[in-house]
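# Chain and residue survey
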Amino acid sequence: MNAELLAQFRALLGEERARADADTLALYASDETPRSCPPLAVLFPVSHDQVAAIVRLALAHRLPLVARGAGSGNVGGAMPVPGSVVVSFECMNQVLEFDPVNRLIVVQTGVITDEIDRIARSAGLMYAPDPGSGAYSRIGGNLAMNAAGPRCVKYGATRDHVLGLRAVAGDGRELKTGSRTSKYATAFDLSRLLVGSEGALALITEATLRLVPAPETVATLRVCYGSNAAACAAVQRIMAQPVTPCALEFMDRRSLSAIREYGGAEGLPAGTEAVLMVEADGAREDVPRQIAALEAALHGDGLLEIQSGFDKAAIVRLWTARKSLSMAVKKIAPRKINEDVVVPIGRLADLVHAIDGLGERYRVPIVSFGHAGNGNLHVNIMVHEDDSEEMARAGACRDALIDVVLSLGGSLSGEHGIGSEKRRYVARELTPETLGFMYDLKRLFDPAGILNPGKKLPD
Ligand SMILES: Cc1cc2nc3c(=O)[nH]c(=O)nc-3n(C[C@H](O)[C@H](O)[C@H](O)COP(=O)(O)OP(=O)(O)OC[C@H]3O[C@@H](n4cnc5c(N)ncnc54)[C@H](O)[C@@H]3O)c2cc1C
């Protein structure tokens, strides 16, 4: 980066908080996607005011800014674009206020997700969204992607837990959205607009988050079926009755064969082709009633076995197969093309059936698992990057998968977002008019296009 501009950033932030040495640039050149692009510099602001000053200086020089939490995103959202500067929120890690009376917490957006939940639990509350990456992802990244996890089937995703935000738009204006109250009907809902905006409208600096009572206890069911179709039918029965589980996770036939090969499938009955992990939470005296209702709904054609766990050791044992899955899939092929599609629950069986067909047609192994209670599946097309013929088949398979999902009334992404990886598909899902509104909003918030260019929206 030109020395004069770097000196101006250093004057704003301090010498150590504006870096352009080769090691730092290499460290911030990518997120979890297998691509990289070193930025010109990396900035480490500590306050909202510093972020506002960064945006104004960048705007004056038409310098692209790429916000970054922990870089755990897997769609290239935090990956720099050529000639850009990374704004890392890792030093904005202060909890500003914890207010159990109003069931809220105010944090800077570099705070680690699980830390928020840990603090909430000290007063019998919890921060409900539970992305699998919560031990290291930062709340700003969760907000920008509308992150979610297993509990979201009952409690909703990140967006449903935001009371208000503080942010700096791409034109340098500062916004305060929402309020500290559980009811609010004054303004347009700009918080909901900024959540999921992937750093392309504004840099989010502070968040006021809603907390809910923590459940007293959790119980788990591991449910084995003889076919994918039988498990999907059970998912429909569960969601059609009134007890909402706090997790409803699915593993397909290919997930289980990977686990069998790797280890972790011990204890699954012979003939198991699909597994549901189902959890209920709440007051100690109420959970057995919920579990009984869920078990009744889980019974049906193709059911092989239900195992239940009511204490920590039993629950850990029941989750063994699911927890060994990420390592197991690596045995199939070194790389996965990871789609994060979502369909209405009533079409889940059609999606799973279609995925089997795509795997056969394009001769690629596909491992599918995920948050069945939200109709959200992680569809992993397993590939060897050095095999160009296989990569071409996998690309065509991915393309066909998107068509299937859209034809089922579904969407490209349930929780991982669009980033740079999926934006070429966005116009297939949204109407030209809807896309037009999105471009208009982008121009309103960021007229010079300096915030995360090349992400979220198609060209
Ligand atoms: C092992 C693993 C498991 C995962 N499990 C889940 C899961 O269960 N559920 C799920 O939803 N995701 C999951 N993810 C994906 C990822 O962790 C989430 O998308 C997470 O929200 C990203 O947070 P981050 O802090 O790493 O953000 P980053 O990856 O750094 O950034 C993500 C996006 O947010 C933007 N951004 C970051 N901070 C700000 C800010 N302050 N203001 C504006 N924009 C900002 C970035 O520009 C980028 O577009 C997983 C990833 C991995 C590697």
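The residue count restarts for each chain, going from 1 along the sequence in the order it is written. Restriction of local features to residues with pLDDT of at least 70 applies here, the model being predicted, together with a cutoff of 80 or more for giving and counting side-chain atom pairs; totals for whole chains, interfaces and linings are based on all residues.

## A few points about the overall build of the protein chain
A run of H or I in DSSP becomes a helix once it reaches four residues, and a run of E becomes a strand once it reaches two; helices and strands are each numbered from the N terminus. What the protein chain contains, in helices and strands, is 17 helices and 18 strands. Whereas a compact globule of 459 residues would reach a radius of gyration of roughly 23 Å, the protein chain reaches 23 Å, a difference of no more than 12%. Projected onto its principal axes, the C-alpha coordinates of the protein chain cover approximately 70 × 60 × 45 Å. With 459 residues in all, the protein chain has 47% of them scored as buried. Here the globule rule reads 2.2 Å times residues to the power 0.38, and the radius of gyration is calculated from C-alpha atoms. Residue burial is a threshold on neighbouring C-beta atoms within 10 Å of the residue's own C-beta, all placed from the backbone, with 20 or more meaning buried, 12 or fewer meaning exposed, and counts in between meaning partly exposed.

## Quick word on the site of the ligand
We call a residue near a molecule or strand when its C-beta atom, built from the backbone, sits within 6 Å of it. The full set close to the ligand counts 36 residues, and Gly69, Gly73, Gly77, Gly140 and Gly141 are the nearest of them. Among the elements of the structure, strand E3 (65-68), helix H5 (139-145) and strand E10 (202-210) are those that each provide at least two residues to the shell around the ligand. A total of five residues in the shell around the ligand trace back to one element, the largest contributor, which is H5. Think of it as three bins: nonpolar holds Ala, Val, Leu, Ile, Met, Phe, Trp, Tyr, Cys and Pro, charged holds Asp, Glu, Lys and Arg, and polar takes everything else, Gly as well. A per-class count over the shell around the ligand returns 12 nonpolar, 17 polar and seven charged.

## Comments concerning the environment of Ala292
Here Ala292 is to be found in helix H10 (residues 287-298). Measuring from C-alpha to C-alpha, the distance between Ala292 and Pro45 comes to 51 Å, with 247 residues separating the pair along the chain.

## Some thoughts on the domain arrangement of the protein chain
The assigned domain composition of the protein chain is domain 1 (95-213), domain 2 (217-325) and domain 3 (333-417). The straight-line distance from the C-alpha centre of domain 1 to that of domain 2 is 30 Å. Think of it this way: build a C-beta for each residue from its backbone, and any pair within 7 Å is a contact. Every contact between the two is made by four residues of domain 1 and, on the other side, six residues of domain 2. Note: domain ranges come from an automatic or database domain assignment.

## A look at the sheet that holds strand E1 (residues 18-19)
Here the rule is simple: two strands pair whenever DSSP picks up at least two bridges between them. A sheet is described by the order of its strands in space; here four strands give the open sequence E1-E2-E4-E3, paired in mixed fashion. Taken across any chain shown, the strands that pair with only one partner, and hence form the sheet edges, are E1 and E3. As paired elements, E3 and strand E4 (residues 85-88) share four bridges and run parallel to each other. Paired with Leu65 across the bridge in E4 is Val85. Every angle, taken between N-to-C directions, lies between 0 and 180 degrees, and every axis is a line fitted to C-alpha atoms, over only the stretch in contact when it is a helix. The strands that helix H3 (residues 48-60) touches are strand E2 (41-43), E3 and E4; relative to E4, the one it contacts most, it runs at about 170°.

## As for helix H4 (residues 113-121)
By the burial criterion, the buried members of H4 are Thr113, Ile116 and Ala120. Projected down its long axis, H4 shows its buried positions confined to an angular sector of 65°, all on one face. Here the arc refers to the set of directions running from the helix axis out to each C-beta atom.

## Some remarks on the sheet that holds strand E18 (residues 376-383)
With antiparallel pairing, the seven strands of this open sheet are ordered in space as E15-E12-E14-E13-E17-E18-E16. Of all strands in the sheet, those with a lone pairing partner are strand E15 (303-309) and strand E16 (335-342), marking the two edges. The sheet shows a mean angle of 15° between the axes of neighbouring strands, direction not considered. Note that strand E17 (residues 366-371) and E18 share six bridges and pair antiparallel.

## A closer look at the nonpolar core
By convention in this section, buried Ala, Val, Leu, Ile, Met, Phe, Trp, Tyr and Cys residues joined through C-beta atoms within 7 Å make up a nonpolar core. Leu43, Leu65, Val87, Leu209, Val235 and Leu276 are the most contacted members of the largest nonpolar core, which has 124 residues in total. With near-sequence residues (within four places) excluded, Val235 lies in contact with Leu248, Phe250, Leu276, Ile345, Leu348, Ala372 and Gly373.

## Comments concerning the packing of helix H9 (residues 253-262) against helix H13 (residues 325-332)
Closest axis-to-axis distance for the H9/H13 pair is 8 Å, and the angle between their directions is 90°. Here H9 is positioned roughly perpendicular relative to H13, judged by the angle of their axes. Here Ser255, Ala258, Ile259, Glu261 and Tyr262 of H9 come into contact with H13, specifically with Leu325, Met327, Ala328, Val329, Lys331 and Ile332. Angle categories are assigned with fixed cut-offs, so that under 35 degrees is roughly parallel, over 145 is roughly antiparallel, 65 to 115 is roughly perpendicular, and the rest are oblique.

## Here's the deal with unusual backbone geometry
The phi dihedral of Arg62 falls on the positive side, at around 50°, and the residue is not glycine. Topologically, Arg62 is positioned in the loop between H3 and E3. Classification of Arg62 by C-beta neighbours within 10 Å gives exposed; the count is 10. Look at Asn452: it is not a glycine, yet its phi comes out positive at around 45°. Residue placement: Asn452 occurs in the segment after helix H17 (432-445). Exposure remark for Asn452: the 29 C-beta atoms within 10 Å place this residue in the buried category.

## Some remarks on H9
Within the sequence span of H9, burial applies to Arg254, Ser255, Leu256, Ala258 and Ile259. Buried residues in H9 make contact with strand E13 (247-251), strand E14 (274-282), helix H12 (320-323), H13 and E17.

## Description of the packing of helix H14 (residues 348-362) against helix H15 (residues 388-407)
Running from N to C, H14 and H15 point in directions that differ by 155°, and their axes come no closer than 10 Å. What the angle tells us is that H14 and H15 run roughly antiparallel. Helix-helix and strand crossings are classified by hand; for H14 and H15 the assignment is right-handed. Contacts between H14 and H15 pair Leu351, Ala354, Ile355, Leu358 and Tyr362 from the former with Arg393, Ala394, Ala396, Cys397, Ala400, Leu401, Val404 and Val405 from the latter. For the contact of H14 with H15, the residue count by class is 12 nonpolar, no polar and one charged. Handedness of each helix crossing follows the sense of rotation of the near helix against the far helix: counterclockwise by less than a right angle gives left-handed, clockwise gives right-handed.

## Digging into the pairing of E13
Of all five residues that make up E13, five are buried, and the element is covered over most of its length. The alternating pattern of E13 places Ala247, Glu249 and Met251 and Leu248 and Phe250 on opposite faces, both of which are buried. With five bridges joining them, E13 and E14 adopt antiparallel strand pairing. Note that in E14 the partner of Ala247 across the bridge is Glu279. Summarising the sheet, E13 and E17 pair through two bridges and their orientation is antiparallel. From the neighbouring strand, Phe250 faces E17, where its bridge partner is Gly370.

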